[in-house]
Structure formats: structure tokens, C-alpha cells
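So you can see what is in the structure, the chains are spelled out below.
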Amino acid sequence: MHISHLTWRYAVKRFDSTKIIPPDVWEDLRQSMVLTPSSFGLQPWRFIVITSPEVKAKLPAVSWGQNQPADCSHMVVLAALKTVKEAYVDEFLQTVCTTRKVTMDSLANYRKMILGFMTQRSDEQLAWATNQVYIALGQLMATAAQLGVDACPMEGINAAEYDRILGLETSDYRVVVGCALGYRHSEDKYALAPKVRFAPERVVQVV
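Since this is a predicted model, take the numbers as computed values, not measurements.

Student: Got a minute to help me understand the pattern of salt bridges in this structure?
Tutor: Opposite charge on two side chains permits pairing when their charged atoms draw close. Summed over the entire model, instances satisfying the criterion amount to six salt bridges. Glu27 serves as the salt-bridge partner of Arg30, at 2.9 Å between the closest nitrogen and oxygen. Placement of the pair is Arg30 and Glu27 together in helix 2 (residues 23–34), with a separation of three residues, close to one helical turn. Linked through salt bridges whose partners overlap, the residues forming this network are Glu86, Asp90 and Arg111.

Written out as C-alpha cells, the structure reads:
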């Protein structure tokens, strides 16, 4: 990635609803989410991708009146795992075994370490998973910029209503944040607005 990709990107305020992300580009974006690093490799998230016009049309009303979820090509909703259960850890470790051709017995100490960590943080697991979700959001946005796809990260949403609309209320996941993806409208005035950032010396400290 060149730094120019990051100077090009901005939080799009108005998407061109006629422009759709091509399938091959979307596949790269999808893989970027799958490849996001996570603590222990546990991937405590789910990415709900909304392309249905009918579903997207419901979202501005529960997004502080913002139209990006309706007008974008793909609305990605990032949800965090509420609780890391023993069965989930074992499912992950079985995936490790299948991928790396190792036995579950060889992972016994790793399993014990993960479960011990989660037990110690039983009341903080959702907060931990939420932090992990933001790593995925950052990777998704950076990949989008590299591919020339516009994005708008959206914390200004009613997460509980998103849960209801997406049928997550009784699931193991809770909506954390959204990211609208697509292509900027030619009349979005913010596309040409200079970026406002503190100088590097103000925010980057070397010790």
C-alpha cells in the first residue's frame, strides 16, 4: 500500500447508488476481513454483508438519518462474539488441526492458556471481542482504499435496532459498528476537502 491510498480515502458522506463493487473486487475485500489478525487467532466476530435494497432501506432510520447504508454498494456490519465459550475455542482449535495437520493433543497447553485467559476475563469478554472487531474494521478500510473502493465507518448507528433487523437478538453476536462500502458520488463535496490532522510531531511520540 502506498501512503497516497490513505490520503485519497475519506469518510464518504454520499455514495453513488448506481455503482456496485465488482465481484472480483468484493472477493478481495471479503478475504481481507477473513485474514484480519486477532488475539489468539480466535476471530471473535461475524461480518454481516447487506446488499439487499429492501434491508438497506431500513437502515437510515436507525443510523441517525444517515443515508450511506442505503446508498452504498455493500453495507458491512461488524458484530462481536458476546461470550467465548469452551465449544467455540474447541471449534477454533479443530480448525488449527485441520489446517496445520496437527493433533488436538499437541494443542493442549494452548487450549489451557486460552481458556484460562477467558475465565479471568469472564465479565470483560464482550469488551475484548469489541476491541478485536475494530482491528477488522481498520483492515477492511485500508484494503478498500488500496483497491480504490470508498468507505464510511459508522458508529452512529443504533446497534440494538441493527441486531433486531438482522435477526441477531438471540444469537451469540452483537452489532458493534458498520462500514458502508461503494463509490463516492460526484457531488459529495467532502471528497475534495483537505484532510484535517494534527502534525506527526503532535501525535507520534518516539521514546
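Student: When you look at the packing of helix 5 (residues 86–100) against helix 6 (residues 108–120) in this model, what are you seeing that I'm missing?
Tutor: Between two packed helices, the angle of one axis relative to the other and the distance separating the axes together describe the packing. At a closest axis distance of 11 Å, the pairing of helix 5 and helix 6 adopts a crossing angle of 145°. Taken as a pair, helix 5 and helix 6 cross one another with a handedness that is right-handed. Between helix 5 and helix 6, the contacting residues are Glu86, Val89, Asp90, Phe92 and Leu93 on the first element and Tyr110, Arg111, Ile114 and Leu115 on the second. Residue classes in the contact of helix 5 with helix 6 are distributed as six nonpolar, no polar and three charged.

Student: Even after reading the chapter, I still don't get the layout of surface pockets, so can you show me in this structure?
Tutor: Vacant regions in the atomic arrangement are exposed by a probe of water-molecule size rolled over the atoms. In this structure, the largest pocket encloses a volume near 320 Å³. Forming the walls of the largest pocket are 15 residues, and the residues nearest its centre are Leu42, Gln43, Trp45, Tyr88 and Tyr173. Going through the elements one at a time, helix 2, strand 1 (45–50) and helix 5 are the ones with two or more residues in the lining of the largest pocket. The class makeup of the residues in the lining of the largest pocket is 10 nonpolar, two polar and three charged. Put simply, the second largest pocket is a space of about 200 Å³. If you trace the second largest pocket, you find it lined by Phe40, Gly41, Gln43, Phe92, Thr95, Val96, Thr99, Arg100, Leu107 and Tyr110.

Student: Help me understand helix 6, please; the structure alone is not making it clear to me.
Tutor: Two residues of an α-helix separated by three or four positions point the same way, owing to the 3.6 residues in each turn. The end-to-end C-alpha distance of helix 6 is 18 Å, a good match for the 18 Å that 13 residues give at a rise of 1.5 Å each. Listed in full, the buried residues belonging to helix 6 are Ile114, Leu115, Phe117 and Met118. The buried residues of helix 6 occupy an angular sector of 155° when projected down its axis, which confines them to one face. Opposite the buried face of helix 6, by more than 90 degrees, sit the exposed residues Asn109, Lys112, Thr119 and Gln120. The secondary structure elements touched by the buried residues of helix 6 are helix 5 and helix 7 (125–147).

Student: In this structure, what is going on with the packing of aromatic side chains? I would like to understand it.
Tutor: Pairs of aromatic rings are described using the distance from one ring centre to the other and the angle between the two planes. For the structure shown, the criterion picks out four aromatic pairs. Here a set of aromatic residues connected by ring pairs shows up, and it is made of Phe40, Tyr110, Phe117 and Trp128. Above the plane of the ring of Tyr190 lies Lys13, whose end atom (NZ or CZ) is 5.2 Å from the centre. Lying over the aromatic face of Phe198, Arg202 brings its terminal NZ or CZ to 4.7 Å of the ring centre.

Student: Looking at this structure, how should I read a nonpolar patch on the surface?
Tutor: On the surface, a cluster of nonpolar side chains totalling about 460 Å² of accessible area is made up of Phe198, Val203, Val204 and Val206. Following the sequence through the fold, Val206 ends up in the segment after helix 9 (200–203). Owing to a relative accessible area of 77%, Val206 belongs among the exposed residues under this scheme.

Student: For this particular structure, what's the right way to read helix 2?
Tutor: With 12 residues, helix 2 should reach 16 Å at 1.5 Å per residue; the first-to-last C-alpha distance of 16 Å fits that figure. Residues of helix 2 that are buried: Val25, Trp26, Leu29, Ser32 and Met33. Seen from one end, helix 2 has its buried residues packed into an arc of 115°, which puts them on one side. Turned more than 90 degrees away from the buried face of helix 2, the exposed residues are Pro23 and Asp24.

Conventions used here
Residues numbered from 1 in each chain as written. Predicted model: local features only at pLDDT ≥ 70, side-chain atom pairs only at ≥ 80, totals over all residues. Heavy atoms only, no water. Salt bridge = Lys/Arg side-chain N within 4 Å of Asp/Glu carboxyl O. Helix = DSSP H or I, 4+ residues; strand = E, 2+ residues; numbered from the N terminus. Axes fitted to C-alpha atoms, helices over the stretch in contact; angles between N-to-C directions. Left-handed = near helix turned anticlockwise from the far one by under 90°. Contact = heavy atoms within 4.5 Å. Nonpolar A, V, L, I, M, F, W, Y, C, P; charged D, E, K, R; others polar. 1 Å grid on protein atoms, 1.4 Å probe; cavity = no way out; pocket = protein on both sides within 12 Å on 5 of 7 lines; lining within 4 Å. Points joined across faces, edges and corners; volume = space filled by probe spheres on them. Expected span 1.5 Å × (residues − 1). Buried < 20%, exposed > 50% of the residue type's maximum accessible area, 1.4 Å probe, protein only. Arc of directions from axis to C-beta. Phe/Tyr/Trp six-rings, centres within 6.5 Å; stacked < 30°, edge-to-face > 60°. Lys NZ or Arg CZ within 6 Å of the ring centre and 35° of its normal. Patch = residues over 30% accessible without salt bridge, like charges linked within 9 Å, V, L, I, M, F, W, Y side chains within 5 Å. Areas by Shrake-Rupley, 256 points an atom, 1.4 Å probe, with all protein chains shown as cover.

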